[in-house]
Amino acid sequence: MEKKKVMILGAANGQLPFIKICKDNGYYVIVVSIKGNYPGFEFADKSYYYDTRDKESILKAAKHEGIDAILTDQTDASVQTVAYVSEKLGLRGIGYNTSLKFTNKYEMRKAAKDAGVPVPEFEEFNNVSDAVVFAEKIGFPLMLKPVDSSGSRGVSKIDNIDELKDRFSQAQKFSSNGYVILEQFITGIPFIVNGFAIDGEYYNLDIANKSYFKSIDLFITRRCIFESACYVDNEIKKTVLKTNKQLVEGIGLNAGITHADYLYNEKEKKAYLVEIAARGGGTFISSNITPMVTGFNSNKALIDYIVEGIITKLERPLDKVSGYACFALPEGVIESISGIEELSNMKSIKMLHLNDLYVGKRVSGLTHDAEKYGPIIFLTESIPEAEEVIKTIEKTLDIRVITDDGIKGIIW
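Residues numbered from 1 in each chain as written. Predicted model: local features only at pLDDT ≥ 70, side-chain atom pairs only at ≥ 80, totals over all residues. Heavy atoms only, no water.

Brief notes about the overall build of the chain
Secondary structure assignment for the chain yields 13 helices and 20 strands. On C-alpha atoms alone, the chain measures out to a radius of gyration of 21 Å, which is about the 22 Å that the 2.2 N^0.38 rule sets for 412 residues. Here the C-alpha coordinates of the chain stretch approximately 65 × 55 × 45 Å along the principal axes. For the chain, the residues scored as buried account for 53% of the 412 residues in total. Accessible area for the chain stands at about 18300 Å²; split by element, carbon and sulfur atoms hold 46% of it. Distance from the positive charge centre (50 side chains) to the negative charge centre (56 side chains) of the chain: 2 Å. (Helix = DSSP H or I, 4+ residues; strand = E, 2+ residues; numbered from the N terminus. Rg over C-alpha atoms; globule rule 2.2 N^0.38 Å. Buried < 20%, exposed > 50% of the residue type's maximum accessible area, 1.4 Å probe, protein only. Areas by Shrake-Rupley, 256 points an atom, 1.4 Å probe, with all protein chains shown as cover. Lys, Arg positive; Asp, Glu negative; His and termini not counted. Charge placed at Lys NZ, Arg CZ, Asp CG, Glu CD.)

Some thoughts on the side chain of Thr-72
As for its placement among the helices and strands, Thr-72 is situated in the loop between strand 4 (69–71) and helix 4 (79–89). For Thr-72, a relative accessible area of 9% puts it in the buried group. A polar atom in the side chain of Thr-72 sits 2.8 Å from the backbone oxygen of Leu-9. When residues no more than four places from it in sequence are discounted, the contact partners of Thr-72 are Leu-9, Gln-15, Phe-18, Ser-78, Val-79 and Val-82. (Polar contact = N/O pair within 3.5 Å; in protein donor to acceptor, adjacent residues only side chain to side chain. Contact = heavy atoms within 4.5 Å.)

Quick notes on the sheet that holds strand 7 (residues 156–158)
Taken in spatial order, the four strands line up as 5-8-6-7 in an open sheet, and their pairing is antiparallel. Lying at the two open borders of the sheet, with one neighbouring strand each, are strand 5 (122–125) and strand 7. Ignoring strand direction, the axes of neighbouring strands in this sheet form an average angle of 30 degrees. For strand 6 (residues 142–146) and strand 7, the ladder comprises three bridges, and the chain directions are antiparallel. Opposite Leu-142, over in strand 7, you have Ile-158 as the bridge partner. Its contacts with the sheet put helix 7 (residues 128–138) on strand 5, strand 6 and strand 8 (180–184), and the angle it makes with strand 5 is roughly 165 degrees. Seen against the sheet, helix 8 (residues 161–173) touches strand 5, strand 6, strand 7 and strand 8 and runs at an angle of roughly 155 degrees to strand 7. (Pairing = 2+ DSSP bridges. Axes fitted to C-alpha atoms, helices over the stretch in contact; angles between N-to-C directions.)

Examining the sheet that holds strand 19 (residues 398–403)
One open sheet holds the four strands; their spatial order is 17-15-19-20, and the pairing between them is antiparallel. Pairing within the sheet leaves two strands with one partner each, and these edge strands are strand 17 (362–363) and strand 20 (406–408).

Some remarks on the nonpolar core
Soluble, globular proteins show a tendency: their nonpolar side chains are buried together. Grouped together as the largest cluster of nonpolar side chains are 34 residues, with contacts concentrated most on Ile-207, Val-240, Leu-247, Tyr-262, Leu-273 and Ile-276. The leading source of residues in this core is helix 9 (residues 235–251), at five residues. Excluding anything up to four places from it in sequence, Ile-207 contacts Phe-191, Ile-192, Val-193, Ile-225, Phe-226, Glu-227, Val-232, Lys-237, Val-240 and Leu-241. Counting residues in hydrophobic clusters, the runner-up holds 29 residues, among them Phe-18, Val-31, Phe-41 and Ile-303. (Core = buried A, V, L, I, M, F, W, Y, C linked by side-chain atoms within 4.5 Å.)

With respect to the pattern of salt bridges
For the structure shown, the criterion picks out 25 salt bridges. Lys-5 is the salt-bridge partner of Glu-65, the closest N and O atoms lying 3.1 Å from each other. Within this pair, whereas Glu-65 is found in helix 3 (residues 55–65), its partner Lys-5 is found in strand 1 (residues 5–9), the two being separated by 60 residues in sequence. In this pair, the class of Glu-65 matches that of Lys-5, namely buried. Residue Asp-261 pairs with Lys-210 through a salt bridge whose shortest N-O separation is 2.4 Å. Of the two residues, Asp-261 sits in strand 12 (residues 256–265) while Lys-210 sits in strand 10 (residues 201–212), which places them 51 residues apart along the sequence. Its relative accessible area of 12% is what places Lys-210 among the buried residues. Residues joined by salt bridges that share partners form a network here, namely Lys-5, Lys-46 and Glu-65. (Salt bridge = Lys/Arg side-chain N within 4 Å of Asp/Glu carboxyl O.)

Concerning the environment of Gly-26
Looking at the element boundaries, Gly-26 is found in the loop between helix 1 (16–24) and strand 2 (28–32). Sequence-wise, Gly-26 and Lys-4 are 22 residues apart; in three dimensions their C-alpha atoms are separated by 8.0 Å.

So, the pairing of strand 8
Across the five residues of strand 8, four count as buried, placing the element largely inside the fold. Pairing geometry for strand 5 and strand 8, over four bridges, is antiparallel. Looking at the pairing, Phe-122 lines up with Glu-183 of strand 8.

Section: the packing of aromatic side chains
Counted according to the given criterion, the structure contains eleven aromatic pairs. Look at Tyr-48 and Tyr-50: their rings are 6.1 Å apart centre to centre, the planes differ by 15 degrees, and that puts the pair in the stacked class. Given a relative accessible area of 14%, Tyr-48 falls into the buried group. Tyr-50 sits in the partly exposed class, given a relative accessible area of 29%. An aromatic cluster is present here, built from Tyr-38, Phe-41 and Tyr-49 joined pairwise through their rings. A cation over an aromatic ring shows up here: Lys-5 above the ring of Tyr-28, its NZ or CZ 5.5 Å from the ring centre. One residue, Lys-157, lies across the ring of Phe-185, its end atom 4.6 Å from the ring centre. (Phe/Tyr/Trp six-rings, centres within 6.5 Å; stacked < 30°, edge-to-face > 60°. Lys NZ or Arg CZ within 6 Å of the ring centre and 35° of its normal.)

Side note on helix 4
Within helix 4, eight of the eleven residues are buried, which leaves it mostly tucked inside the rest of the structure. Taken together, the buried positions of helix 4 are Val-79, Gln-80, Thr-81, Val-82, Ala-83, Tyr-84, Val-85 and Ser-86. Buried positions along helix 4 lie against strand 1, helix 3, strand 4 and helix 5 (96–103). Phi turns positive, to about 70 degrees, at Gly-90, one or two residues after helix 4.

Points about helix 7
Count 3.6 residues to each turn of an α-helix, and residues three or four apart come out pointing the same way. Looking only at helix 7, the buried set comprises Ala-131, Val-132, Phe-134 and Ala-135. The buried side chains of helix 7 occupy one side of the element, clustering within an arc of 165 degrees when seen end-on. When the buried face of helix 7 is taken as reference, the exposed residues oriented beyond 90 degrees from it are Val-133, Glu-136 and Lys-137. Packing partners of the buried residues in helix 7 comprise strand 5, strand 6, helix 8 and strand 8. Phi turns positive one or two residues past the end of helix 7, at Gly-139, with a value near 90 degrees. (Arc of directions from axis to C-beta.)

Structure below.
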């Protein structure tokens, strides 16, 4: 019997879980990515070297190969292409119009508003003069974002007209169509929610409080602690979960993994959408953390449905706590590294993704999410225990960097 052919867009570390599941299932795996030293190419049966946003070239390759399914994970850049190709070939997928609501922040906010989910006042622009008029109308502070970037690229808080004029073109550089979103700045408690849609049902899988790097003026996550959504008894978290379910069902996602960010405003008692994606969360959330917390492997469940039409639903979830800690380094050259062996011997530590660090390596400062280091992933029985594990990680790992201002250490 001929093997089923599965095309996976992306060859970086975030795609490896999908690639490995497909290989374990006995599928013929075709990986598509730009050329580079990406580990996914090593596991592939065949590779194509295209930008994963190149819909027409990838559609042509998919037709030539006669693929049975197309997938991606942990990156927004490929979601539209996957939806486009699957729709053109009559394969299972989320649909191209639906993919726009999960990848274009302007379409996303319109869809959320239609679903009755709180969103900041917003508008999209491709020229700074119109953006200035909008800013003067609703007032500062504001958030400036490219409409379709990820990893906090081009995202900044704007406090006045001069900052808007100065940063507008920079945000445009990270937008594929030149448009940016300008919206009210909402304060609140930041949350992440991961979920799974299948066969007309949507399940919240897990929820996490997240923390940003405090010493860096960027909205980049440094740590998260996840718990099973099924066992949440906190009213704030219940509101966030209810909002997330309302949004995904309102958009009409038929099958797929979701990864969403919210801000819970305590004064208004509302969960405001920051953004939502129709793919697994990066930093190995969907592949490692969600299965450890809930016992449900949403990656495998999605692959089983997209390739085989098998429907797997959430039943009797676990009640564990998992999460990750990441860090930044100052610009310079690494002088010394210690503590990795001690961390690897800790029972609660399940992954140390630190292979790219070595003495003598030149490191740069943190400008977007992809430049942070880690994750260090852990598994515990409770949130207080997870907090203690993070404290131990921060005390144990020591990396010294030679900078222009002397020797400096890790930025947590």
